[in-house]
2 protein chains.
Amino acid sequence: MNVVEKYGGTSVATIDNIKKIAKHVADVKKRGDNIIVVASAMGKTTNKLIEMAKEIGNTKNSREMDSLLSTGEQRTITLLAMAIETYGVKAISLTGFQAGFVTSNHHAHAYIKDINDRKIKKYIKEGYVVVVAGFQGATENGEITTLGRGGSDTTAVALAAKLHYDCYIYTDVNGVYTCDPRIYPKAKKLKEVTYMEMMQMAILGSGVLETRSVELASKYNVKLYLGRSLNEDFSKGTYIMKQTKNLEDMPITGISIKDDYAILRVTNIKNDGIFLSKLFNLIAKLNINLDTISQQLNDDGTVNFTFYCNKAQSDEILDNAKELECEYPIKRMLGFVKLSLVGVGISTHSGIAAKVLNTLNMNNIRYYQITSSEISISLTIDEANKKVAVEKLCEVFDL
Amino acid sequence: MNVVEKYGGTSVATIDNIKKIAKHVADVKKRGDNIIVVASAMGKTTNKLIEMAKEIGNTKNSREMDSLLSTGEQRTITLLAMAIETYGVKAISLTGFQAGFVTSNHHAHAYIKDINDRKIKKYIKEGYVVVVAGFQGATENGEITTLGRGGSDTTAVALAAKLHYDCYIYTDVNGVYTCDPRIYPKAKKLKEVTYMEMMQMAILGSGVLETRSVELASKYNVKLYLGRSLNEDFSKGTYIMKQTKNLEDMPITGISIKDDYAILRVTNIKNDGIFLSKLFNLIAKLNINLDTISQQLNDDGTVNFTFYCNKAQSDEILDNAKELECEYPIKRMLGFVKLSLVGVGISTHSGIAAKVLNTLNMNNIRYYQITSSEISISLTIDEANKKVAVEKLCEVFDL
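Residues numbered from 1 in each chain as written. Chains lettered and ligands numbered in written order. Predicted model: local features only at pLDDT ≥ 70, side-chain atom pairs only at ≥ 80, totals over all residues. Heavy atoms only, no water.

Re unusual backbone geometry
Stage number 1. Backbone geometry at Phe135(A) places phi at a positive 80°, although glycine is not the residue there.
Stage number 2. Along the chain, Phe135(A) falls in the loop between β6 (129-133) and β7 (136-138).
Stage number 3. Phe135(A) gets classed as buried once you look at its relative accessible area, which sits at 13%.
Stage number 4. The phi dihedral of Asn268(B) is positive, around 55°, even though this residue is not glycine.
Stage number 5. Relative to the assigned elements, Asn268(B) resides in strand β15 (residues 254-269). (Helix = DSSP H or I, 4+ residues; strand = E, 2+ residues; numbered from the N terminus. Buried < 20%, exposed > 50% of the residue type's maximum accessible area, 1.4 Å probe, protein only.)

What follows is the structure, encoded as structure tokens:
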């Protein structure tokens, strides 16, 4: 078997953890498998480095920040490679650059253009465990870049895609649940989930995997596994794949929750498109993806415009609102959450939306907005109703 | 003026120090000078990383160790570049690899084959302060290497040599003294010293600069300055140059002291060269440079062989002595120091050796070995006599 194993920051937080992972990796190698390990920076290293840059008083130079942050993973991989060697297995560390990750020059959120896998293949052939730094790459010009949020997952999936390996993501959760167990303790762990569902859940806030890595896995049909670090029993985590066996059984696979939701409203705008065009330019400049936008026409010909984002994004928009140079005030309401029900069964099971709304009505839960796609239904509700809404919906859909 | 400024670990130990250095560098740049800064890892970072590798239980993989240690300087240079920017001056960090330091593949003690200075020159031309990671480079194959002890000084001098810049080494001492002020508080600071003298002092244990960087400065005639970090008054440190103005005045420029000296003796060896050849092979294998070796012929045709090294090296030799497969035991005596008087005047002033030995005799100080070169005289004495010997010699030679 050929595997890429990815270990996140919590998994490699201490020297002891690194030793344990090294032992596991050496065992896998001794079994005869080819194995590539992708590792993140130890524990809170990245945050500490950001703190140092803040003390310096300059975090805006994303080229320097990338070079600074990349040292975190570089330390982990060298220590991990040396630890693996102590178990009698050859190991070699490769930084993003050394591993051949050629990226765009978008510092702090570069995308992978290609992987020159010559070096990795050579070392694998020579019997090495190859330990690759997650989250990083370099431009053709040798400038160090980082891949942004969830970057180490992306590194792992990209390698698996390029080399046709399976990809095991080890993290501090032991799989994908129908719902966050901290909110609904009776949530069930899913044995399997489709790429589509996982992507929707990622987009809609499940927080387990970033959309980008799932998207990449889906595109190249990489068999993904998500489980807790060093949990030897692989059947205990969640496999993410093209089609699950129980495709037709459950209309809803899980519920994702996005907290700290804000509703922004601008009312009675002249319907000439000028304001909206300014607003969208600003939002693009701030690099914010609005996830829901709606517009209603009033009787007098003006329009009301409503959009939804998280609180931090709404802060940014309001901080920069003066750039819009317009007379319409942006009103903000806080204290909402967005619930999203995800499942490939939504398109084939009728009456799902009705069942959702009935459940909310029966429990006197007000909703502010509802959107749906072929595999998801999302609603914004008051934060105070979150717990009840999640419980009732989980019960109704047997999650 | 074009300068390379090098800041050692103590100078960049804290964020506050980095900010202060950044301010100074920005001021130099604003004056219109071209400036390249070479920085070491912050404070005890390198030691901490070595400790981590020890905890892992594997420090022997010098390739991985090099990659691990190189992260130390990389962090300093990014923070320093960002700090310089806060003072309104453009700055850019370059790792050893990015700066074009092409080295041999001798991990842990690589030598610089060449500097591809295209990038540095480009950034200097564009008005940047270029901040280069000391101590590191990369092979043609992109493997990260380090330059060994005093490597950051070597980085700085090599850059100065390549670009014809002056080189300012900032450290935690404020110049070169005639003798270690901790041992002889009345020691004088030298305003100027020649490359030759500085090299001898470095070889003989002055500890201020590594031989290698002085050698490089001498070879390329780089004007070197040594002083305390952020001491704005440049006249206060020591300039190291080809010829000093007061070349003929002082026969002795300074005294270097090597502590923890061991004498190893093997007696009554059959004079067929077999044992010595084995011994030298072992010493070469252990990468030890013996600094003094002597052999005496006995009346019975056998020889006595005496050599000198520091205690740690003698430990290594004794630990590996069984490899010699011979019947002669190696006897070790500990508790010595080696004093070396250095000065280009030694070759031109007669009677220096006599004056040295008279001073020792008059003070009842026994010496075990004496060697001399054109610019130095070295003697091994009992550790107990160190203080008195240093004081008396400093007085006699007005140091």
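Still to come is the rest of the account.
Remarks on the sheet that holds strand β2 (residues 34-39) of chain A
Residues and elements named next belong to chain A.
Stage number 1. An order of β3-β6-β2-β1-β9-β13-β14-β12 is seen for the eight strands of this open sheet, with the pairing classed as mixed. The open sheet is flanked by β3 (91-94) and β12 (192-194), the only strands paired with a single partner. Averaged over all pairs of adjacent strands, the angle between their axes in this sheet comes to 20°, without regard to strand direction.
Stage number 2. Both strand β1 (residues 2-7) and β2 contribute to a ladder of six bridges, which runs parallel. Pairing of Tyr7 across the sheet is with Ala39, part of β2.
Stage number 3. Of the strands in this sheet, β1, β2, β6 and β9 (166-171) are in contact with helix α1 (residues 15-30), which crosses β1 at around 175°. (Pairing = 2+ DSSP bridges. Axes fitted to C-alpha atoms, helices over the stretch in contact; angles between N-to-C directions. Contact = heavy atoms within 4.5 Å.)

Quick word on helix α2 (residues 45-56) of chain A
Stage number 1. With 12 residues, α2(A) extends 17 Å between its outermost C-alpha atoms, agreeing within 8% with the 16 Å of an ideal straight helix rising 1.5 Å per residue.
Stage number 2. If you check which residues of α2(A) are buried, you get Thr45(A), Leu49(A), Ala53(A) and Ile56(A). Buried residues of α2(A), viewed axially, fall in a sector of 80°; they line one side. Opposite the buried face of α2(A), by more than 90 degrees, sit the exposed residues Lys48(A) and Lys54(A).
Stage number 3. For α2(A), the secondary structure elements touched by its buried residues are α3 (62-85) of chain A together with α1 (15-30) and α3 (62-85) of chain B.
Stage number 4. Just past α2(A), the residue Gly57(A) takes up positive phi, approximately 95°. (Expected span 1.5 Å × (residues − 1). Arc of directions from axis to C-beta.)

Structural notes on the relation of the copies chain A and chain B
Stage number 1. After a rotation of 180° and a shift along the axis of 0.0 Å, chain A superposes on chain B with an RMSD of 0.1 Å. Such a combination of rotation and displacement between the chain copies is what one expects of a two-fold axis. Taking the C-alpha atom as reference, chain A places Thr71(A) closest to the rotation axis, 2.6 Å from it.
Stage number 2. When the interface residues of chain A are mapped onto chain B, 100% of them again fall at the interface, so both copies present the same face. (Least-squares fit on C-alpha atoms with pLDDT ≥ 70 in both.)

Structural notes on the interface of chain A and chain B
Stage number 1. Between chain A and chain B, the residue contacts involve 44 residues of the former and 44 residues of the latter.
Stage number 2. For the pair chain A and chain B, the two sides together bury roughly 3600 Å², of which 55% comes from carbon and sulfur.
Stage number 3. Together, Ile56(A), Arg75(A) and Met82(A) form the three largest contributors to the area buried by chain A at its contact with chain B, with a combined 21%.
Stage number 4. The interface formed by chain A and chain B includes two salt bridges.
Stage number 5. Residue Glu143(B) pairs with Lys119(A) through a salt bridge whose shortest N-O separation is 3.8 Å. (Buried area = accessible area lost by both parts, 1.4 Å probe. Salt bridge = Lys/Arg side-chain N within 4 Å of Asp/Glu carboxyl O.)

Some remarks on the nonpolar core
Stage number 1. If you look at the biggest cluster of nonpolar residues, it comprises 42 residues, and the most contacted ones within it are Ile36(A), Ile120(A), Val130(A), Val132(A) and Leu159(A).
Stage number 2. Here this core gets seven residues from one element, more than from any other, and that element is helix α5 (residues 151-163) of chain A.
Stage number 3. When near neighbours in sequence (up to four residues on either side) are disregarded, Val130(A) contacts Ile35(A), Ile36(A), Val37(A), Ile92(A), Leu94(A), Ile120(A), Tyr123(A) and Ile124(A).
Stage number 4. Among the nonpolar cores identified, the runner-up in size contains 39 residues, and Tyr128(B), Val130(B), Ala160(B) and Leu209(B) belong to it. (Core = buried A, V, L, I, M, F, W, Y, C linked by side-chain atoms within 4.5 Å.)

A look at the pairing of β6(A)
Residue and element names in this part refer to chain A.
Stage number 1. By the criterion of burial, β6 is predominantly enclosed, with five of the five residues buried.
Stage number 2. Burial along β6 is two-sided: Val129, Val131 and Ala133 and Val130 and Val132, pointing in opposite directions, are all buried.
Stage number 3. Bridging between β3 and β6 involves four bridges; their strand directions are parallel. Counterpart to Ala91 in the pairing with β6 is Val129.

What to know about the side chain of Asp117(B)
Stage number 1. Take Asp117(B): it is sitting in the loop between β5 (112-115) and α4 (118-125).
Stage number 2. When near neighbours in sequence (up to four residues on either side) are disregarded, Asp117(B) contacts Lys162(B) and Leu163(B).

Things to note about the pattern of salt bridges
Stage number 1. Evaluated as defined, the whole model comprises 34 salt bridges over all chains.
Stage number 2. Here Lys188(A) ties to Asp398(A) by a salt bridge, and the two come within 2.7 Å at their closest N and O atoms. Of this pair, Lys188(A) sits in the loop between β10 (176-177) and β11 (189-190) while Asp398(A) sits in the segment after α11 (386-396); the two residues are 210 residues apart in sequence, bridging distant segments of the chain.
Stage number 3. For Lys188(A), a relative accessible area of 35% gives the class partly exposed.
Stage number 4. Residue Asp259(B) is joined to Lys386(B) by a salt bridge in which the shortest nitrogen-to-oxygen separation is 2.9 Å. Residue Asp259(B) is located in strand β15, and its partner Lys386(B) is located in helix α11 (residues 386-396); the two are separated by 127 residues in the primary sequence.
Stage number 5. Given a relative accessible area of 37%, Asp259(B) falls into the partly exposed group.
Stage number 6. For Lys386(B), a relative accessible area of 16% puts it in the buried group.
Stage number 7. A single salt-bridge network, built from bridges that share partners, covers Arg63(A), Glu64(A), Glu143(A) and Lys119(B).

As for the packing of aromatic side chains
Residues and elements named next belong to chain A.
Stage number 1. One pass over the full model with this rule turns up 21 aromatic pairs over all chains.
Stage number 2. Geometrically, the ring pair formed by Tyr123 and Tyr128 is edge-to-face, given 5.3 Å between the ring centres and 80° between the ring planes.
Stage number 3. On the basis of relative accessibility, which here comes to 7%, the residue Tyr123 falls in the buried class.
Stage number 4. Each member of the aromatic cluster is reached from another via a ring pair, and the members are Tyr7, Tyr168, Tyr170, Tyr225 and Tyr239.
Stage number 5. Lying over the aromatic face of Tyr128, Lys90 brings its terminal NZ or CZ to 4.6 Å of the ring centre.
Stage number 6. Between Lys122 and the ring centre of Tyr123, over which it is positioned, the NZ or CZ distance is 4.3 Å. (Phe/Tyr/Trp six-rings, centres within 6.5 Å; stacked < 30°, edge-to-face > 60°. Lys NZ or Arg CZ within 6 Å of the ring centre and 35° of its normal.)

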